[in-house]
Amino acid sequence: MSQIDYQHVLDEITKEVQPLLSQGKVADYIPALAEVEPNQFAIAIHTVDGQTYCAGDCSARFTIQSVSKVMTLTLALQRYGDELWQRVGKEPSGTAFNSLTQLEFEQGIPRNPFINAGAIVTCDALYSRLSAPMHSMLESFRQLSGNAQVVIDKKVANSEYEFRHRNAAMGHLMKSFGNFNNEVDDVLWAYFNFCAIELNCVELAKAYNYLANQGKDANGQEVLSARQNKQLNSLLFTSGLYDAAGDFGYRVGMPGKSGVSGTILAVLPNQFTVAVWAPRLNSYGNSVAGIAALERLSQKLDISIF
Ligand code: GLU
């Protein structure tokens, strides 16, 4: 892969997606998210041998939203291993990320850890094992991203908490089925703070590079076992993009996770992680220009996990 001019490819993609930057809508169900300047774009690659490439608004920081769910799951798997799967499933949901009806049908066991209910119950599990969950989460991102100054955007966290009703309903529904151990509002506060962690694309690609590196961080330390890492990537492929995971898999051919701030992280095992950010979303809640950029990347580099 070393012969590939990643920088050139990212620069080209950044030019090509410019017309798409005005398409779609920024998420406004969290009022503080709606304040972002909507036509921004950045894309960064971090390779398993430690090289970084970036194009666009590389230093612009954004809240990572649902991409935090991957770290939540990582920290929970470190502590619970397979026991975690008694509380959350592994199937694609086929419904919106914040669906309540499916949770009712399935007796309070969320379909997978990447829809809201699944991430919230995973947070509940983590909350039971960590004395300072927000500190642990921040420390993980600080260490893995190489930026010791990573912070939480408290304005966004507070805004999410103020408008938490739907997520709170999920928590209470799970509690009514006996699948929730802590106070719903306490767990939600941690969950929203995880979602409001601020990174730029370079930091995001770097922080999650263990996903491309058999579960190991830049120092060769195990974040997840190779088996868990393979499992997590498989779940990302089937469930990482809400109810549009099939379309993303078809177009991009890599496991990925999106967030409503317009960011998407994708993984090419044993090669690199790529993070893209463009705030305007399609009707599934995924970044319009972000998906187009990753599709182009996969075509230009002729890459896929298959
Ligand atoms: N914090 C957002 C929520 O709970 C995350 C949603 C997302 O990025 O999918 O609604």
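Keep in mind that what you see is a predicted model, and the values were worked out from it rather than measured. (Residues numbered from 1 in each chain as written. Predicted model: local features only at pLDDT ≥ 70, side-chain atom pairs only at ≥ 80, totals over all residues. Heavy atoms only, no water.)

## Side note on the state of the cysteines
Item 1. By the definition in use, this model includes 1 disulfide.
Item 2. Note on cysteine connectivity: cysteine 54 is disulfide-linked to cysteine 58, with sulfurs 2.2 Å apart. Across the S-S bond of cysteine 54 and cysteine 58 the torsion is about -110°, and the bridge reads as left-handed.
Item 3. By relative accessible area, cysteine 54 is classed as buried at 15%.
Item 4. Given a relative accessible area of 21%, cysteine 58 falls into the partly exposed group.
Item 5. Here cysteine 123 stays unpaired: no disulfide links it, and the sulfur of cysteine 195, its closest cysteine neighbor, is 7.5 Å away. (Disulfide = S-S within 2.5 Å. Buried < 20%, exposed > 50% of the residue type's maximum accessible area, 1.4 Å probe, protein only.)

## So, the packing of helix α7 (residues 165-176) against helix α8 (residues 184-195)
Item 1. One can describe the packing of α7 onto α8 by two numbers: an axis separation of 10 Å at closest approach and a directional angle of 135°. By the angle between their axes, α7 is oblique relative to α8. Where α7 crosses over α8, the two elements pack in a sense that is right-handed. In contact with Asn167, Ala168, Gly171, His172 and Lys175 of α7, α8 contributes Val184, Leu188, Tyr191 and Phe192. (Axes fitted to C-alpha atoms, helices over the stretch in contact; angles between N-to-C directions. Helix = DSSP H or I, 4+ residues; strand = E, 2+ residues; numbered from the N terminus. Parallel < 35°, antiparallel > 145°, perpendicular 65-115°, else oblique. Left-handed = near helix turned anticlockwise from the far one by under 90°. Contact = heavy atoms within 4.5 Å.)

## Some details on the pairing of strand β5 (residues 256-259)
Side chains on a regular strand alternate between the two faces of the sheet.
Item 1. Alternating residues of β5 divide into Gly256 and Ser258 and Lys257 and Gly259, and every residue in both groups is buried.
Item 2. Where β5 meets strand β6 (residues 263-268), 4 bridges bridge the pair, whose relative direction is antiparallel. The residue bridging serine 258 from the neighbouring strand is isoleucine 264, located in β6.
Item 3. In sequence, β5 turns back onto β6 through a hairpin of 3 residues, with glycine 262 there showing a positive phi of about 95°. (Pairing = 2+ DSSP bridges.)

## Description of the sheet that holds strand β1 (residues 42-47)
Item 1. Ordered in space as β2-β1-β7-β6-β5, the 5 strands form an open sheet in which the pairing is antiparallel. Only two strands of the sheet have a single neighbouring strand rather than two, namely β2 (52-56) and β5. For this sheet the average axis-to-axis angle between neighbouring strands, irrespective of direction, equals 10°.
Item 2. One ladder, built from 6 bridges, connects β1 with strand β7 (residues 272-277); its direction is antiparallel. Residue pairing in the sheet places alanine 42 in a bridge with tryptophan 277 of β7.
Item 3. Here helix α1 (residues 6-16) sits on the sheet in contact with β1, β2 and β7, set at roughly 20° to β2.

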